[in-house]
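The chain contents come next:
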Amino acid sequence: RGSTATVKEKMALLIRQVGRQCLRTKVFPVLCTRHIAPMGTTAREEMQKFWNKNNQLSRPLSPHLTIYKWSLPMAMSICHRGAGVVMTTGVSLFALSALFVPGDFASHVELIKSLSLPPQLIFCTKFAICVPLTYHMWNGLRHLVWDAGQGLKMPQVHWSCYFVLFMAVCAAFGMASA
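Conventions used here
Residues numbered from 1 in each chain as written. Predicted model: local features only at pLDDT ≥ 70, side-chain atom pairs only at ≥ 80, totals over all residues. Heavy atoms only, no water. Helix = DSSP H or I, 4+ residues; strand = E, 2+ residues; numbered from the N terminus. Buried < 20%, exposed > 50% of the residue type's maximum accessible area, 1.4 Å probe, protein only. Expected span 1.5 Å × (residues − 1). Core = buried A, V, L, I, M, F, W, Y, C linked by side-chain atoms within 4.5 Å. Contact = heavy atoms within 4.5 Å. Axes fitted to C-alpha atoms, helices over the stretch in contact; angles between N-to-C directions. Parallel < 35°, antiparallel > 145°, perpendicular 65-115°, else oblique. Left-handed = near helix turned anticlockwise from the far one by under 90°. pLDDT = per-residue confidence, 0-100.

Colleague: Is there a simple way to think about unusual backbone geometry in this case?
Modeller: Outside of glycine, negative phi angles account for most residues, and trans bonds account for most peptide bonds. Here Ser-58, not a glycine, exhibits a phi torsion of approximately 55°, which is positive. Examined against the element boundaries, Ser-58 turns out to sit in the loop between α3 (43–56) and α4 (72–100). Even without a glycine there, the phi angle at Ser-116 is positive, about 55°. Here Ser-116 shows up in the loop between α5 (105–114) and α6 (119–147). Exposure remark for Ser-116: the relative accessible area of 62% places this residue in the exposed category.

Listed below in structure tokens is the structure:
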């Protein structure tokens, strides 16, 4: 109870101090602005200088992907983001279908079984569903290793790229086989 009273007292002092500062600003605005330095230029002028300099130097509007030399780590970074988007979209669509499509999960499984699809098509579909999940998981583990400060030299980065790809395909193959 004693600590609650001190918190209330501190809050009251803080509110009182803020109120006094607001009052000083109204009565003596010069005192409150004495530490503010005038700006030499406005934001609009700075932006105009930036664009004029870019035009004089003939810089492109923004760098395009075609100016970069593609590397495996670069492609894997883009694929990691893409896998996250694919999984988010898939889970969202699955959730919406669970809300709006009549029937339960068991009835949908029975519907798929009744189509008499060839096992190769079912395997390929399951593999295609599992690849983003396993790739994103293994690449996320690689990023956790990097966050720990390990494997950041370029030969290790390239080796880890191949390792992630191999493990993602193997895990997806195993999941699709089940």
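This is not the end of the story, as more comes after the structure.
Colleague: Quick question: what am I supposed to make of α3 here?
Modeller: Each α-helix turn comprises 3.6 residues. Residues three or four places apart therefore point the same way. For α3, which comprises 14 residues, the first-to-last C-alpha distance of 20 Å matches the rise-based estimate of 20 Å (1.5 Å per residue) to within 8%. Just downstream of α3 lies Ser-58, where phi reads positive at about 55°.

Colleague: Is there a simple way to think about the nonpolar core in this case?
Modeller: Grouped burial of nonpolar side chains is what soluble globular proteins tend to show. Judged by nonpolar contacts, Met-76, Ala-83, Tyr-135, Trp-138, Cys-161, Val-164 and Ala-168 together constitute the single largest core of seven residues. Only α4, α6 and α7 (154–177) provide two or more residues apiece to this core. In terms of residues, this core owes the most to one element, α7, which gives three residues. Here Ala-83 is in contact with Pro-132, Tyr-135 and His-136, once residues within four sequence places are set aside.

Colleague: Please explain the packing of α4 against α6 as it appears in this structure.
Modeller: Relative orientation and spacing of two packed helices are given, respectively, by the angle between their axes and the distance between those axes. The geometry of α4 relative to α6 is characterised by a closest axis approach of 9 Å and an angle of 130° between their N-to-C directions. For the element pair α4 / α6, the angle class is oblique. The element α4 and its partner α6 pack so that their crossing is left-handed. Contact residues: α4 offers Met-76, Cys-79, His-80, Ala-83, Gly-84, Val-86 and Met-87, while α6 offers Pro-132, Leu-133, Tyr-135, His-136, Asn-139, Gly-140 and Arg-142.

Colleague: Honestly, the confidence of the model for the protein in this entry has me stumped. Any pointers?
Modeller: In low-pLDDT segments, the atomic positions of the prediction should not be examined closely. Overall, the predicted model of the protein reaches an average pLDDT of 86, with 85% of residues at or above 70. Within the protein, helix α2 (residues 29–32) has the poorest average pLDDT of any element, 56, and α7 the best, 97.

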